[in-house]
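# A structural walkthrough
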Amino acid sequence: MPHRRLKVGVTRKLPQAVETRLAALFDVAFNADDAPLSREELVALARDVDVLAPTLGDTLDAAFFEAAGERMKLIANFGAGVDHIDIAAAKARGVTVTNTPSVLAEDAADMAMALILAAPRRLVEGVKAIESGAFKGWSPTWMLGRRVRGKKLGIIGLGRVGEAVARRARAFGLSIHYHNRKPINPHIEEELDATFWPDLDEMLPRMDIVSINCPATPQTRHLLSRERLALMSPHAYVVNISRGEIIDEEALADAIVSGRLAGAGLDVFENEPKPNERLMAAANVVLLPHMASATIESRIEMGERVIINIKMFADGHKPPDRIILGLE
Ligand code: DGY
């Protein structure tokens, strides 16, 4: 099918450069005002296009695929995480799903590193002290945080982003520990001087900072459960730029409010856009509005991946960033 005849539905406003290129290549239905689509609007759009380019926040569950009709054959997701898409339901209906991996890994890792520094060094509390006028001059005992250098960083999910976090953390003098289903490539493990912990419960009590960098799947939901949070040292911090669902947020709030954890740096929440109110009120928690990949460069490169995936699909090839289920 020639590209110009392929109809693409884009659910949110994308960077102008990406929309311009999409419009040059395909017949595109854009979302000019960027308002999230309702379920009805999403289904209506899907029924009218060959390709849907959704993002995080568009819930594409089994009922959506049921209602979406037969025309749409590719979901070219704008984003790395695909936890909002029922991949098995898509596959059952012959719909290919792609994402935008790699291009945002470095920027996302910068934000994880920023939180790894910001929580123990009380960066946001310091900013607030200036803003509120609480700064009355330097004091030997005021605003004391915890040293980062020499501490142990436990990365849950040492993939693309996790590895980029590890490289940054090494430069800040942290030692690298990680929990994955399987150990990473031994050369990279050696280069990072990283210690593999097959059992998360063994790793957690020994870490000073835990960074969540695994994808959200049914298996990782509440991976940092109440029981696991209780295993952590009261001096430890939790950092999460992946998905809120990976932490039991109520249990995290309990642990922080009661002093059983030193603090947290969170870019994502269980019920976005609303963070847990007790976490919002806690001085030792740094909260960001899901902005780890929010650079112009990342968002344009994410758009380019979307375009590459659609073009490959349009040319009859397998798009490069297909989400593979099991042993496909
Ligand atoms: C993703 O890509 O999944 C991020 O959470 C948003 O960029």
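Owing to the predicted nature of the structure, the values given are computational and were not obtained by experimental measurement.

How each quantity is defined
- Residues numbered from 1 in each chain as written.
- Predicted model: local features only at pLDDT ≥ 70, side-chain atom pairs only at ≥ 80, totals over all residues.
- Heavy atoms only, no water.
- Helix = DSSP H or I, 4+ residues; strand = E, 2+ residues; numbered from the N terminus.
- Rg over C-alpha atoms; globule rule 2.2 N^0.38 Å.
- Buried < 20%, exposed > 50% of the residue type's maximum accessible area, 1.4 Å probe, protein only.
- Areas by Shrake-Rupley, 256 points an atom, 1.4 Å probe, with all protein chains shown as cover.
- Lys, Arg positive; Asp, Glu negative; His and termini not counted.
- Charge placed at Lys NZ, Arg CZ, Asp CG, Glu CD.
- Contact = heavy atoms within 4.5 Å.
- Near = heavy atom within 4 Å.
- Polar contact = N/O pair within 3.5 Å; in protein donor to acceptor, adjacent residues only side chain to side chain.
- Nonpolar A, V, L, I, M, F, W, Y, C, P; charged D, E, K, R; others polar.
- Domains from an automatic or database assignment.
- Buried area = accessible area lost by both parts, 1.4 Å probe.
- Salt bridge = Lys/Arg side-chain N within 4 Å of Asp/Glu carboxyl O.
- Arc of directions from axis to C-beta.
- Core = buried A, V, L, I, M, F, W, Y, C linked by side-chain atoms within 4.5 Å.

## Observations concerning the overall build of the chain
Check the secondary structure of the chain and you find 13 helices and 12 strands. The globule rule puts the C-alpha radius of gyration for 328 residues at 20 Å, and the 21 Å found for the chain is close to it. Seen through its C-alpha atoms, the chain measures out along the principal axes to roughly 70 × 50 × 35 Å. Counting across all 328 residues of the chain, residues that qualify as buried make up 46%. Carbon and sulfur atoms form 54% of the exposed surface of the chain, whose accessible area is close to 16100 Å². Averaging the coordinates of the 40 positive side-chain charges in the chain and doing the same for the 44 negative ones gives two points 2 Å apart.

## Looking at the environment of Asp254
Examined against the element boundaries, Asp254 turns out to sit in helix α11 (residues 249–257). For the pair Asp254 and Arg226, spaced 28 residues apart in the sequence, the C-alpha separation amounts to 9.0 Å. With near-sequence residues (within four places) excluded, Asp254 lies in contact with Arg226, Arg260 and Arg278.

## Here's the deal with the site of the ligand
Looking at the ligand, the residues that line it are Gly79, Ala80, Gly81, Leu104, Arg243, His290, Ser293 and Met302. Here an oxygen atom of the ligand and a side-chain polar atom of Arg243 are 2.7 Å apart. His290 places a polar side-chain atom, nitrogen or oxygen, 2.8 Å from an oxygen atom of the ligand. Bound to the protein, the ligand loses 87% of the 230 Å² it would expose on its own. Looking at the shell around the ligand residue by residue, the classes come out as 3 nonpolar, 4 polar and 1 charged.

## With respect to the domain arrangement of the chain
The assigned domain composition of the chain is domain 1 (3–102 + 295–314) and domain 2 (105–287). The distance between the C-alpha centroids of domain 1 and domain 2 comes to 32 Å. Listed per partner, the contact involves 7 residues of domain 1 and 5 residues of domain 2. Each partner contributes to the roughly 570 Å² buried at the junction of domain 1 and domain 2, and carbon and sulfur atoms together form 40% of this total. Of all residues in domain 1, the largest losses of buried area upon contact with domain 2 belong to Leu56, Asp83 and Ser102, amounting jointly to 65% of the total for that side. Where domain 1 meets domain 2, there are 1 salt bridge.

## Considerations on helix α2 (residues 39–47)
Of all the residues in α2, the buried ones are Leu42, Val43, Leu45 and Ala46. One face of α2 carries all of its buried residues, which in axial projection span an arc of 160 degrees. Buried residues along α2 sit against β1 (7–10), β2 (27–29), β3 (51–53) and α3 (62–67).

## As for the nonpolar core
Core analysis: the largest hydrophobic core is formed by 53 residues, its most contacted members being Leu22, Leu153 and Ile310. Counting residues per element, this core draws most heavily on helix α5 (residues 105–118), at 9 residues. For this core, the two domains that each supply at least three residues are domain 1 (3–102 + 295–314) and domain 2 (105–287). The residues contacting Leu22, other than those within four sequence positions of it, are Val10, Leu14, Val28, Phe30, Ile307 and Ile310.

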